[in-house]
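Examination of the molecular architecture
One letter stands for each residue in the lines below.
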Amino acid sequence: GESVGLHLPTLSVQEGDNSIINCAYSNSASDYFIWYKQESGKGPQFIIDIRSNMDKRQGQRVTVLLNKTVKHLSLQIAATQPGDSAVYFCAENAGNTGKLIFGQGTTLQVKP
Amino acid sequence: DAMVIQNPRYQVTQFGKPVTLSCSQTLNHNVMYWYQQKSSQAPKLLFHYYDKDFNNEADTPDNFQSRRPNTSFCFLDIRSPGLGDAAMYLCATSRDLAGDGEQFFGPGTRLTVL
């Protein structure tokens, strides 16, 4: 399953399938990007980050892809599990301000 | 071990009655942030401290104030809460302002205004 955060805020996938969550960022000067997972009633939890000098980074079951040409970021989750159900936010760091600019967020629903 | 701690987790206050939310960190990070998050929205930065240096976002209402008495603690004061201030308030920390490290978030305080 695939979503574009701004236009399709909810992504529903079958357990075991791969998920792709997309994000368009706004500032071409942003040099650091983070994906956060937020479960209901909890604070955002770090998943993975990537710097602007990279175009791909892999973690455990997650991969982040960065396309600076079109200012696009994606999060791929392999073998999606029920515990992955949450809202996923991309965030960009605008230069050395330390300020994170959050995207709209995408709700991931995993169907058993 | 908890790294960013927020108290209380749930706070109920009355319209116009001042309220203070608390955040503490065990990471010894230089920067502490306060975000407001309303239902189904992304966190919105209110202000941050770099050490003792306070930085207010341009669109943060005057009703919101903050104090950082030491490295570990930071408080959010809402002087006269309105119904529109009901939200989740998130505290976060980062080692520095440079874009080479994540922000660590606390569990949040959910504020209800009656």
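What this report covers is the structure whose coordinates are included nearby.

Parameters and conventions
- Residues numbered from 1 in each chain as written.
- Chains lettered and ligands numbered in written order.
- Predicted model: local features only at pLDDT ≥ 70, side-chain atom pairs only at ≥ 80, totals over all residues.
- Heavy atoms only, no water.
- Helix = DSSP H or I, 4+ residues; strand = E, 2+ residues; numbered from the N terminus.
- Buried < 20%, exposed > 50% of the residue type's maximum accessible area, 1.4 Å probe, protein only.
- Contact = heavy atoms within 4.5 Å.
- Areas by Shrake-Rupley, 256 points an atom, 1.4 Å probe, with all protein chains shown as cover.
- Pairing = 2+ DSSP bridges.
- Axes fitted to C-alpha atoms, helices over the stretch in contact; angles between N-to-C directions.
- Buried area = accessible area lost by both parts, 1.4 Å probe.
- Salt bridge = Lys/Arg side-chain N within 4 Å of Asp/Glu carboxyl O.
- Polar contact = N/O pair within 3.5 Å; in protein donor to acceptor, adjacent residues only side chain to side chain.
- Disulfide = S-S within 2.5 Å.

With that settled, the discussion passes to the overall build of chain A. Helices and strands together make up the secondary structure of chain A, namely 0 helices and 11 strands. In chain A, the succession of α and β elements from N to C terminus is β-β-β-β-β-β-β-β-β-β-β. Scored against the burial criterion, the 112 residues of chain A give a buried share of 44%. Pairs at least 24 residues apart make up 50% of the contacts formed inside chain A by residues separated by at least 6 positions. As displayed, chain A offers around 5400 Å² of accessible surface, 48% of which is attributable to carbon and sulfur atoms.

What follows concerns the sheet that holds strand β7 (residues 64-67) of chain B. All names here are of chain B. Spatial strand order, β1-β3-β8-β7: 4 strands in an open sheet with antiparallel pairing. Two strands close off the open sheet at either side, each with one partner strand: β1 (4-7) and β7. Ignoring strand direction, the axes of neighbouring strands in this sheet form an average angle of 20 degrees. For β1 and strand β3 (residues 19-25), the ladder comprises 4 bridges, and the chain directions are antiparallel. What sits directly across from valine 4, in β3, is glutamine 25.

Our next topic: the side chain of aspartate 84 of chain A. Along the chain, aspartate 84 of chain A turns up in the loop between β8 (72-77) and β9 (86-93). Each residue touching aspartate 84 of chain A, except ones within four places of it in the same chain, is listed here: Lys37, Arg61, Ile77, Ala79, Leu108 and Val110 of chain A.

Take the pairing of strand β11 (residues 109-113) of chain B next. Regular strands have side chains that alternate between both faces of the sheet. Residue and element names in this part refer to chain B. Judged by which residues are buried, β11 turns out to be one-sided: Thr109, Leu111 and Val113 face inward and are buried, whereas Arg110 and Thr112, on the alternate face, are not. In terms of strand pairing, strand β2 (residues 10-13) meets β11 through 4 bridges, oriented parallel. Across the sheet, residue tyrosine 10 finds its bridge partner in β11, namely arginine 110.

With that settled, the discussion passes to the interface of chain A and chain B. Across the boundary between the two partners, chain A contributes 22 residues, which contact 22 residues of chain B. Three residues, Pro44, Lys99 and Phe102 of chain A, lead the burial of chain A against chain B; their summed loss comes to 26% of the area buried on that side. Inspection of the chain A/chain B interface yields 1 salt bridge. The partner of glutamate 57 of chain B in a salt bridge is lysine 99 of chain A, with the nearest N and O atoms 3.0 Å apart. Seen at the junction of chain A and chain B, the total is 6 residue pairs in polar contact (both at pLDDT 80 or more). Going through the elements one at a time, β4 (32-38), β5 (45-51), β9 and β10 (100-102) of chain A are the ones with two or more residues in the side of chain A that touches chain B.

Take the pairing of β5 of chain A next. All names here are of chain A. Across 6 bridges, the pairing between β4 and β5 is antiparallel. Looking at the pairing, tyrosine 36 lines up with phenylalanine 46 of β5. Count of turn residues in the β4/β5 antiparallel hairpin: 6 residues, of which glycine 41 carries a positive phi of about 80 degrees.

All names here are of chain A. With the rule as written, the count across this model stands at 2 disulfides over all chains. The disulfide bridge from cysteine 23 ends at cysteine 90, spanning 1.7 Å between sulfur atoms. Here cysteine 23 is found in strand β3 (residues 19-24), whereas its partner cysteine 90 is found in strand β9, with 67 residues between them in sequence. As far as burial versus exposure is concerned, cysteine 23 and cysteine 90 are alike and both buried.

Bringing unusual backbone geometry into the picture now. The step from asparagine 7 of chain B to proline 8 of chain B runs through a cis peptide bond, and the omega angle for that step is -10 degrees. The backbone phi angle of arginine 61 of chain A is positive, close to 65 degrees, even though this residue is not glycine. Within the element layout of this structure, arginine 61 of chain A appears in the loop between β6 (56-58) and β7 (62-67). Residue classification places arginine 61 of chain A among the partly exposed positions, given a relative accessible area of 30%. One non-glycine residue, asparagine 28 of chain B, lies in the positive phi region at around 60 degrees. Tracing the backbone through its elements, the reader meets asparagine 28 of chain B in the loop between β3 and β4 (31-37).

Scope: geometric values only; no functional claims are made or implied.
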